[in-house]
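# Report on the structure
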Amino acid sequence: MLQQGFQNAPLDVIRDIATHLDLKTLLALTRTCRVTRSLVLDPTSAAIWADIKAREAIPMLSSGVLTDVEFARLVYDKTCHCCAKGQANKLDFTFLIRTCAKCWNKK
Ligand SMILES: [Zn+2]
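My aim in this report is to walk through the structure given alongside it, one point at a time.

Here is what the cut-offs are and how they apply
- Residues numbered from 1 in each chain as written.
- Predicted model: local features only at pLDDT ≥ 70, side-chain atom pairs only at ≥ 80, totals over all residues.
- Core = buried A, V, L, I, M, F, W, Y, C linked by C-beta atoms within 7 Å.
- Buried ≥ 20, exposed ≤ 12 C-beta atoms within 10 Å, placed from the backbone.
- Helix = DSSP H or I, 4+ residues; strand = E, 2+ residues; numbered from the N terminus.

## Some words on the nonpolar core
Ala18, Leu23, Leu26, Val40, Ile48, Trp49, Ile52, Phe71 and Ala72 form the largest nonpolar core, which has 9 residues in total. Of all the secondary-structure elements, those providing two or more residues to this core are α3 (23–29), α5 (46–56) and α6 (68–76). Of the residues forming this core, the biggest block, 3 residues, is contributed by α5.

Given below as structure tokens:
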């Protein structure tokens, strides 16, 4: 019931809620449904990402190497970039890659 209510919420309300989230939660919001994903990833939502960058003071977000959502995935997504399995706890900011221990030891 709550999920249906959220999906039926006006986009302005969802966008307003998104402005109060942290980066990890905003990334999770992109995975809730196609509507919120499109809304949050739309270029018109750039201010939401900019506000989070300012609040969380993550310098890599302004590097221009990765998009904001790519950076959020690098930091918070636990999928290995090499084997696509979960439990990827090794993060290399030089190569901007996240791997599991097994793939990490292969490099
Ligand atoms: Zn792996």
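Resuming the write-up.
## Observations regarding unusual backbone geometry
Within the chain, Ala84 stands out as a residue other than glycine whose phi angle is a positive 65°. If you trace the backbone, Ala84 turns up in the loop between α6 and β1 (90–92). The backbone of Gln87 shows a phi angle near 70°, a positive value even though the residue is not glycine. As for its placement among the helices and strands, Gln87 is situated in the loop between α6 and β1. Looking at Gln87, the number of C-beta atoms within 10 Å reads 12, which means it is exposed.

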